[in-house]
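What follows is the residue order along each chain.
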There are 2 protein chains.
Amino acid sequence: MSRTNGQWRLARRPVGNFQDGDFTWCEEPVPALGDGQVLVRIVYLSLDPTNRIWASQDSYLPAVKLGDVMRGGGIGVVEESKNGAFAPGDVVQGLLGWQQFYVSSGSDLQKLPKLPVPLDAWSGLLGAIGLTAYFGLLEIGQPKAGETVVVSTAAGAVGSLVGQIAKIKGCRVVGLTGSDEKCEWIVKDLGYDAAINYKKENVAEALRKHCPKGIDVYFDNVGGDILNEVLGQIALRARIVSCGMISGYNATTPPPGPSNIINLLVRRGRMEGFIVLDYLSRAEECFRELIPWWAAGKLKYRVDIADGLESAPKAVLRLFDGSNAGKLIVRVSPEPS
Amino acid sequence: MSRTNGQWRLARRPVGNFQDGDFTWCEEPVPALGDGQVLVRIVYLSLDPTNRIWASQDSYLPAVKLGDVMRGGGIGVVEESKNGAFAPGDVVQGLLGWQQFYVSSGSDLQKLPKLPVPLDAWSGLLGAIGLTAYFGLLEIGQPKAGETVVVSTAAGAVGSLVGQIAKIKGCRVVGLTGSDEKCEWIVKDLGYDAAINYKKENVAEALRKHCPKGIDVYFDNVGGDILNEVLGQIALRARIVSCGMISGYNATTPPPGPSNIINLLVRRGRMEGFIVLDYLSRAEECFRELIPWWAAGKLKYRVDIADGLESAPKAVLRLFDGSNAGKLIVRVSPEPS
């Protein structure tokens, strides 16, 4: 019981990018469990763009309080339980935080079913990533076979699944990403019809070239200028799934909105916000489709693993400079054998 | 047959507001009818914000060609017909243009049914105005009883109907308009719960005061800053009906988009463009509800009539400075007795 729980606590509100000193490393003893409680050893901590929102402002969840353990999604193993619903060895997920151990009443833990996938698939394929890609694209975007789907952060954790699911549904799929290596990966390995390196190419011209009939569905993870260029080229009755606006998360003043928004009006487009939390209850329906697609080789995922909880504050920056390759996670402790 | 057809033709693309010289007054003889043709004497010409779009750019309809008669909706009476589907005395509507007479093949005319309403009701209550208010609010906005609905140009032709229909549906309704007189009219005569004079009041503060639970539905006729302030105060799962962006129609460079658009994401809002042309086939369903509401005194309309086709280029400016009171129309010739 005298084990140590290493933690990253939020020390101050970030301004712009996360910086040294935004988090403080703390160690405290792992507490003894009370009745009904569960002790979880965290295995994988998920690093996500939304971490930046949680650190600075109330949004769809309240901001993390200064001094509190940083909020983060994670996967862990139950080590001890005084709660009848959980037994040692159970694999769980939840907002476990940037720490090595999490003590829960059980109500905020989701027990993961035993499925024929490796544990890291819960980070890169299933879990919030898979739910976001699946429900965001299919429920909000409603792509139809033959339509043109554009995906931003197309080589990212969510984007790479979105593009592949759109291909499975028979769409023409164009991805935007930030390096030639990623462009090659999404076309050759993932089956995108075309890729645009937004750091090198003129995005408006490239979209015109690759989407000659206009853009029917845009899965937006970035907002900003790319959203504006897409709005300039939407087809009649286009659907924009607003899933993230990472381009603005580090802004110290609100970035300007998209001036082409008038096209929503003249082309009867629809833009709708999407947060995966609203779909958690439908996870099974999603996984029932994703796993066979993955097993058949039609849906690939990639995880980018940083080792050790200590690395989290540095690793999270890679989401914002685009240097991560696949779903970014931190290995906090070894996978159970 | 030697009667004259006075016309306003588009002489050049407007820059900013319409100006002297954008239109040229022409007179030509009313032509003799060929087989299948119909001669319509125009009674009321409708002046609408979208006229400004039609004059300058391709949009949901192609731009009016330079030298052509300016496009405009209108109501008229058939004077002569060599088309079996129309008889002298029939009342019709369509895109009759800024002219005194219109010669049609009949395919672009809609015969108006004999309904227990005055002829100007086809301008101010039924026709495109009523369809826009009814389907835009109910199909796109989907207001539920008890929700808060905000309407811009709340004393205007469309807005005043939207606000009253929202009241009929049991909503709390807040209107934005540009004068104290109009504020008083929409609250006292139309039954709005509150009015905001956007020219005098701080819009963000006034919205906070009148919409303490946030804004569930916004019927947007203006875009621009007011759209941005509304986006800042939307409730969870808000619906924004994007029906017009008059604040930007005269802009010579695209105005910046709304920086609060990120709230669509975090509050899972939906913003959707709406064009009445998509709903013309469902007119009867709409009028069947609007007319009894009007007859029962629950739905009022107001027309603001400019006399004589010559007045059209000056009168249309009143849409953009907000000085019209109700649906703006031009009386081109007398109502049939």
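It should be emphasised that the depicted structure is a prediction, and the values quoted were computed from it without experimental measurement.

**Notes on the sheet that holds strand 12 (residues 234-242) of chain B**
And then number 1: Spatially, 10(A)-9(A)-8(A)-11(A)-12(A)-13(A)-13(B)-12(B)-11(B)-8(B)-9(B)-10(B) is the arrangement adopted by the 12 strands of the open sheet, whose pairing is mixed. Two strands lie at the open edges of the sheet, namely strand 10 (194-197) of chain A together with strand 10 (194-197) of chain B, each paired on one side alone. Neighbouring strand axes in the sheet, compared pairwise and without regard to direction, differ in orientation by 15° on average.
And then number 2: Helix-sheet contacts for helix 6 (residues 203-210) of chain A involve strand 8 (148-151), strand 9 (172-177), strand 10 and strand 11 (215-220) of chain A, and the interaxial angle to strand 10 of chain A is about 175°.
And then number 3: Relative to the sheet, helix 3 (residues 127-141) of chain B contacts strand 8 (148-151), strand 11 (215-220), strand 12 and strand 13 (270-273) of chain B, its axis offset from that of strand 11 of chain B by approximately 145°.

**Notes on the pairing of strand 9 (residues 172-177) of chain B**
Residue and element names in this part refer to chain B.
And then number 1: Of all the six residues making up strand 9, five are buried; the element is thus mostly covered by neighbouring parts of the structure.
And then number 2: Crossover connection from strand 8 via helix 4 (residues 157-168) to parallel strand 9: handedness right-handed.
And then number 3: Bridging between strand 9 and strand 10 involves four bridges; their strand directions are parallel. Directly across from Leu 176, in strand 10, lies its bridge partner Ile 196.
And then number 4: A crossover links strand 9 with its parallel partner strand 10, the connecting element being helix 5 (residues 180-189), and its sense is right-handed.

**Remarks on the side chain of His 210 of chain A**
All names here are of chain A.
And then number 1: Following the sequence through the fold, His 210 ends up in helix 6.
And then number 2: You can call His 210 buried: its relative accessible area is 13%.
And then number 3: The contacts of His 210, once residues within four sequence positions are left out, are Arg 172, Val 174, Ala 194, Ala 195 and Ile 196.

**Concerning the packing of helix 3 of chain B against helix 10 (residues 283-295) of chain B**
Residues and elements named next belong to chain B.
And then number 1: Where helix 3 contacts helix 10, the two axes come as close as 10 Å, and the packing angle between them is 90°. It follows that helix 3 is roughly perpendicular to helix 10 by the angle criterion. The segment helix 3 lies against helix 10, with Gly 127, Gly 130, Leu 131, Tyr 134 and Phe 135 engaging Ala 283, Glu 285, Cys 286, Phe 287, Glu 289, Leu 290 and Trp 293.
And then number 2: In terms of residue class, the contact of helix 3 with helix 10 is made up of eight nonpolar, two polar and two charged.

Cut-offs applied
Residues numbered from 1 in each chain as written. Chains lettered and ligands numbered in written order. Predicted model: local features only at pLDDT ≥ 70, side-chain atom pairs only at ≥ 80, totals over all residues. Heavy atoms only, no water. Pairing = 2+ DSSP bridges. Helix = DSSP H or I, 4+ residues; strand = E, 2+ residues; numbered from the N terminus. Axes fitted to C-alpha atoms, helices over the stretch in contact; angles between N-to-C directions. Contact = heavy atoms within 4.5 Å. Buried < 20%, exposed > 50% of the residue type's maximum accessible area, 1.4 Å probe, protein only. Right-handed = clockwise from strand over helix to strand, strands pointing away. Parallel < 35°, antiparallel > 145°, perpendicular 65-115°, else oblique. Nonpolar A, V, L, I, M, F, W, Y, C, P; charged D, E, K, R; others polar.

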